[in-house]
Amino acid sequence: MRYHIILRYIGIILLLNASFLFVSAVISFFNNDSGLFPLLYTCLIATLFGAFPFIFVPSAEEISNKEGFTIVVTSWLISCLIGMVPYVLWGGEFTATNAWFESVSGFTTTGSSILTDIENVPLGLLFWRSATHWIGGVGIIIFVLSVLPSMGKIGMVLYRTETSPLAAANFRYRTKKTIRIIMFVYVGLTILETIALMVCGMNVFDAVTHSFATIATGGFSPKNASIAHYHSMPIETVIIIFMILSGINFGLLFVTLSGNIRALFKSTVVKFYLGMLAVGVALAAVNIHGTIYPLWVDAFRYAAFQIISIGTSTGFATTDSNLWPPFAQVLILFFTLQCACSGSTSGGIKTDRSVLFWHAIKQRITKFQHPHAVLKTKVDGVAIDDDTLDASLLFIALYIVIVFLSTLAICFMGIDIMTAFSASAATMGNVGPGFGLVGTVSNFSQIPELGKWILTGDMLLGRLEIYGLLLFFLLKSWK
Amino acid sequence: MGLRPKILLGFLILATMLLVAGGWSIYELSNIGISVQRLLDDNYKSIDAAKSMTEALEREDSAILLLLLGKRDEGREILRSADNSFEKAFETARNNVTISGEQGYVEAIRINYDTYKKLWAQNIAGTAKEGDLNWYFSDIHSSFLNVKSAVKKLMDLNDKTMYKTASNLEGRAHRATMPGVIAIISAFIFAVIFSFLVNLLVVSPIIRITSGIHDYLETGKSFNVKIETTDELSHLASSVRSLIERSKL
């Protein structure tokens, strides 16, 4: 493996981070806050570290899959490392562990926070916190590939490694065009939501940071009470719309935006995703009506926001779902595990795998009825090969096992089972809030230090779809 | 880019990281110094003045009790001296208004003290008020408590601000030390990367060129060393290749 080539491309990732750090530092400068020096110094370190291998190491014409894979995983880890530096430098609630937690949570678009008083953090740092969502949301490598003029075969290898294998089916273009489409949809949605939120009365800073967090399905808000701070139905409606859109495969969104609206509603995965959300909202609303909210309008309003926020792995909050009845809480836990479509910025098991899971069960039942039948699973007329089906089912099984092991470890530290399970599921699914100590109106500050490290491991495993991180630690066995 | 600027760039990066971290630490440390000075100037001075005022008030209260006992000269003497001390301390507090809301507290002290002073400025010893403890408790003592409470409010405000400033100092101290820590870690990582790249892209090609020349001289094996970079080393390799080709002719 050519480590110097890996260093060169990680350098480019650091330069990308440096540019966002610089913008955050400019915000700090104009706001005259204490985030300026931490952001500027981190920007300097990222620039120096990034520029040096970029200048020193000559570019390569090709990279191997193994090198591409190492670049992708290392980019995530290095970005999380550089992302924690401004937090550590600023101090306050940010110990080394807390800064790492906040940074990983940002880049993996989890949105879980250790901050007890978010509004005490300088605006520049808050902008950086949201920017980590935006960089991580679309994928760090995709971001770089879209900015750089051409990386030829290298770009293709990196793109293949970065994207979810399930998402590829919806993109039938060349790598460069696919990346352009993803970025077009990503940036376009961000701009549209920013404008819509400003129209609804948010200031520019809040609108931009909330748009970053929504489109990346992250969940970091610059307000202590998250979206509940605004008590505004129009703001909640705008965010709900953009959360739903951000949970749909960007390739499909592009096709829809190009005029083919039917394509969106023809897709089994999208129908399943929207159907599940609708059923979830209706059931939650019925459950919380009367017990928590006397009015139907309030029950639907809060149920819609909470279910869609969790069901798209965003994690914003308008109410304390810790107070909801057990049925509604279990419903939220289901969405915490499933989340939205692949090819979007969402985390979790993903709707695509859920669809495959139900198809596999249907197929198994048919097989019981007709043992000699030759069956082929088809989604939207496309035959799914057994490898993909097996990989998806294995992924779901591995996912649940990791959540279980993580829950076990957190419980061992003296944390109650609801907190431990929901925290593990929420971090693994890159959702954000859970229940108990880590509910929608609280944070992860009460989780023990070791627990925070375990949960950041979950976030990275979830973001890199498990195999990514596991393969990275088994690189030596990869010949 | 040539070898010299590349290596120079590496050292420059190391130097920049350490210089900026050092500069920032110095800036934060000097700010800590300024903050400590401000802490002493702004808050401690006011707290000290408030303590002096309280002490003066206590002495005035004792002097009033002496007047009530009929000891006019002794009482008046203590009152005069305590009043001077109070006014002096009050002037210090009045000229040291640095916190928002402090002005209001200073004005409250002035108003309450003037009311209190009016009560004891009149003749007490040798009048009907001598020995009148009811008058003392109903008028004098309540007025004394009002002034004392106003002074205490001023002291509390400055106490709180002093605590807040001291807490900020903790944050500043953190900000003064952390760049150094980060710079040391970064410099170490950078030094490792730098030496790795120098070894891979400078030392290793030199070894390969030397080995290629050696192989040619010993076994006549053709010089076939490929250099990835476009710097002095690739020029050296192509020069050696040309030299060998010429020597073959």
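Residues numbered from 1 in each chain as written. Chains lettered and ligands numbered in written order. Predicted model: local features only at pLDDT ≥ 70, side-chain atom pairs only at ≥ 80, totals over all residues. Heavy atoms only, no water.

Engineer: What exactly am I supposed to notice about the overall build of chain A here?
Structural biologist: Scanning chain A from terminus to terminus reveals 20 helices and two strands. Relative to the compact-globule value of 23 Å for 479 residues, chain A shows a C-alpha radius of gyration of 22 Å, a close match. In chain A, buried positions account for 61% of the 479 residues. Taking the contacts inside chain A whose residues are at least 6 apart along the sequence as the reference set, 71% of them involve residues at least 24 apart. Carbon and sulfur atoms provide 69% of the accessible area of chain A, an area that totals close to 18600 Å². Averaged over its 27 positive side-chain charges, chain A has a centre that lies 14 Å from the centre of its 24 negative ones. (Helix = DSSP H or I, 4+ residues; strand = E, 2+ residues; numbered from the N terminus. Rg over C-alpha atoms; globule rule 2.2 N^0.38 Å. Buried < 20%, exposed > 50% of the residue type's maximum accessible area, 1.4 Å probe, protein only. Contact = heavy atoms within 4.5 Å. Areas by Shrake-Rupley, 256 points an atom, 1.4 Å probe, with all protein chains shown as cover. Lys, Arg positive; Asp, Glu negative; His and termini not counted. Charge placed at Lys NZ, Arg CZ, Asp CG, Glu CD.)

Engineer: Would you mind going over the interface of chain B and chain A with me for this structure?
Structural biologist: How big an interface is tends to be reported as the loss of accessible area on association of its parts. Contacts between chain B and chain A engage 31 residues on the former and 22 residues on the latter. Interface area for chain B against chain A, summed over the two sides, is near 2400 Å², with a carbon-plus-sulfur share of 84%. Summed over the three residues of chain B that lose the most area to chain A, namely Trp24(B), Arg175(B) and Leu197(B), the buried surface amounts to 23% of that side. Where chain B meets chain A, there are zero salt bridges. Connecting chain B to chain A are one residue pair in polar contact (both at pLDDT 80 or more). Among the elements that line the side of chain B that touches chain A, the one with the most residues is helix H4 (residues 133-219) of chain B, at 17 residues. By residue class, the composition of the side of chain B that touches chain A is 23 nonpolar, five polar and three charged. (Buried area = accessible area lost by both parts, 1.4 Å probe. Salt bridge = Lys/Arg side-chain N within 4 Å of Asp/Glu carboxyl O. Polar contact = N/O pair within 3.5 Å; in protein donor to acceptor, adjacent residues only side chain to side chain. Nonpolar A, V, L, I, M, F, W, Y, C, P; charged D, E, K, R; others polar.)

Engineer: Looking at this structure, I do not really get a negative patch on the surface. What am I missing?
Structural biologist: All names here are of chain A. A cluster of acidic residues, Asp385, Asp386, Asp387 and Asp390, forms a negative patch on the protein surface. By secondary structure assignment, the location of Asp390 is in helix H17 (residues 386-412). Judged by relative accessible area, which is 48%, Asp390 ranks as partly exposed. (Patch = residues over 30% accessible without salt bridge, like charges linked within 9 Å, V, L, I, M, F, W, Y side chains within 5 Å.)

Engineer: I'm lost on a nonpolar patch on the surface in this one. Help?
Structural biologist: Residues and elements named next belong to chain A. A cluster of nonpolar side chains, Leu394, Tyr467, Leu470, Leu471, Phe473 and Leu474, forms an exposed patch at the surface whose accessible area comes to about 580 Å². At four residues, helix H20 (residues 467-473) tops the list of elements feeding residues into the nonpolar patch. Assignment of secondary structure puts Leu470 in helix H20. Classification of Leu470 by relative accessible area gives partly exposed; the value is 37%.

Engineer: What is the right way to read the domain arrangement of chain A from this model?
Structural biologist: Residue and element names in this part refer to chain A. According to the domain assignment, chain A contains domain 1 (1-162) and domain 2 (373-477). The distance between the C-alpha centroids of domain 1 and domain 2 comes to 23 Å. Tallying the contact residues gives 27 residues for domain 1 and 23 residues for domain 2. In total, domain 1 and domain 2 occlude about 2100 Å² of area from one another, counting both sides; carbon and sulfur atoms represent 72% of this. (Domains from an automatic or database assignment.)

Engineer: I would appreciate a short explanation of empty space enclosed by the protein in the present structure.
Structural biologist: To find leftover empty space, a probe the size of one water molecule is rolled over the atoms. Residues and elements named next belong to chain A. This model, assessed by the stated rule, comprises two cavities of 30 Å³ or more. Its boundaries defined by the atoms lining it, the largest cavity holds a volume of some 50 Å³. Lining the largest cavity we find Ile310, Ser321, Ile332, Leu333, Thr336, Ser422, Pro433, Gly434, Phe435 and Thr440. The greatest single-element share of the lining of the largest cavity, amounting to three residues, is contributed by helix H15 (residues 326-338). Residue composition of the lining of the largest cavity, grouped by class: five nonpolar, five polar and no charged. (1 Å grid on protein atoms, 1.4 Å probe; cavity = no way out; pocket = protein on both sides within 12 Å on 5 of 7 lines; lining within 4 Å. Points joined across faces, edges and corners; volume = space filled by probe spheres on them.)

Engineer: Whenever I open this one, the packing of H15(A) against helix H18 (residues 417-428) of chain A confuses me. Can you help?
Structural biologist: Any two packed helices are characterised by the angle at which their axes cross and by the distance between the axes. All names here are of chain A. One can describe the packing of H15 onto H18 by two numbers: an axis separation of 9 Å at closest approach and a directional angle of 35°. Once H15 is placed against H18, the crossing between them reads as left-handed. Residues Gln329, Leu333, Thr336 and Leu337 of H15 form the contact with H18, whose participating residues are Met418, Phe421, Ser422, Ala425 and Ala426. Here the contact of H15 with H18 is built from residues that sort into six nonpolar, three polar and no charged. (Axes fitted to C-alpha atoms, helices over the stretch in contact; angles between N-to-C directions. Left-handed = near helix turned anticlockwise from the far one by under 90°.)

Engineer: Looking at this structure, I do not really get the domain arrangement of chain B. What am I missing?
Structural biologist: Residues and elements named next belong to chain B. Assigned domains within chain B: domain 1 (3-178) and domain 2 (187-248). If you average the C-alpha positions of domain 1 and of domain 2, the two centres end up 75 Å apart. Of the roughly 810 Å² buried between domain 1 and domain 2 on both sides combined, carbon and sulfur atoms contribute 80%. Our count for the domain 1 to domain 2 interface comes out at one salt bridge. Across the pair Asp231 and Lys6 runs a salt bridge whose closest N-O atoms are separated by 3.4 Å. Connecting domain 1 to domain 2 are two residue pairs in polar contact (both at pLDDT 80 or more). Of the residues contributing to the side of domain 1 that touches domain 2, the split by class is seven nonpolar, one polar and two charged.

Engineer: How do you make sense of H18(A) when you look at a structure like this?
Structural biologist: For an α-helix, the turn length of 3.6 residues means that residues three or four places apart are oriented alike. Residues and elements named next belong to chain A. Taking 1.5 Å of rise per residue, the twelve residues of H18 would be expected to cover 16 Å, and the 16 Å separating its terminal C-alpha atoms lies within 8% of that figure. Burial of H18 is extensive: nine of the twelve residues sit out of reach of the surface. Where H18 is buried, its residues touch H15, H17 and helix H19 (449-463). Its side-chain oxygen at 3.3 Å from the backbone nitrogen of Met418, Asp416 defines the N-terminal cap of H18. Backbone geometry just after H18 places Asn430 at a positive phi near 55°. (Expected span 1.5 Å × (residues − 1).)

Engineer: How should the pattern of salt bridges be read in this particular structure?
Structural biologist: Between side chains of opposite charge, pairing is possible as soon as their charged atoms come close. Residue and element names in this part refer to chain B. Inspection of the entire model under this criterion finds 15 salt bridges over all chains. Its salt-bridge partner being Lys117, residue Asp83 comes within 2.9 Å of it at the nearest N-O pair. One end of the pair, Asp83, is in helix H2 (residues 72-94); the other, Lys117, is in helix H3 (residues 102-121), and 34 residues separate them in sequence. Overall, the relative accessible area of 25% leaves Lys117 in the partly exposed class. Across the pair Lys152 and Asp156 runs a salt bridge, and its minimum N-O distance is 3.2 Å. Note that Lys152 and Asp156 are positioned in helix H4 at a spacing of four residues, about one turn of the helix. Relative accessible area serves as the criterion here: at 48%, Lys152 is assigned to the partly exposed category.

Engineer: Could you clarify how one ought to interpret the nonpolar core in this entry?
Structural biologist: It is characteristic of soluble globular proteins that their nonpolar side chains tend to be buried jointly. Phe56(A) and Trp128(A) are the most contacted members of the largest nonpolar core, which has 178 residues in total. Excluding residues that lie within four positions of it along the chain, Phe56(A) makes contacts with Lys6(B), Ile7(B), Phe194(B), Leu197(B), Val198(B), Leu201(B) and Val202(B). (Core = buried A, V, L, I, M, F, W, Y, C linked by side-chain atoms within 4.5 Å.)

Engineer: Any chance you could explain the packing of helix H13 (residues 268-288) of chain A against helix H14 (residues 296-311) of chain A here in plain terms?
Structural biologist: Residue and element names in this part refer to chain A. Where H13 meets H14, the closest approach of the two axes is 8 Å, and the angle between their N-to-C directions is 140°. Considering the angle they form, H13 stands oblique to H14. Handedness of the crossing formed by H13 with H14: right-handed. Between H13 and H14, the residues in contact are Tyr273, Leu277, Gly280, Val281, Ala282, Ala284, Ala285, Val286 and Ile288 and Trp296, Ala299, Phe300, Ala303, Ala304, Ile307, Ile308 and Gly311, respectively. Partitioning the contact of H13 with H14 into residue classes produces 15 nonpolar, two polar and no charged. (Parallel < 35°, antiparallel > 145°, perpendicular 65-115°, else oblique.)

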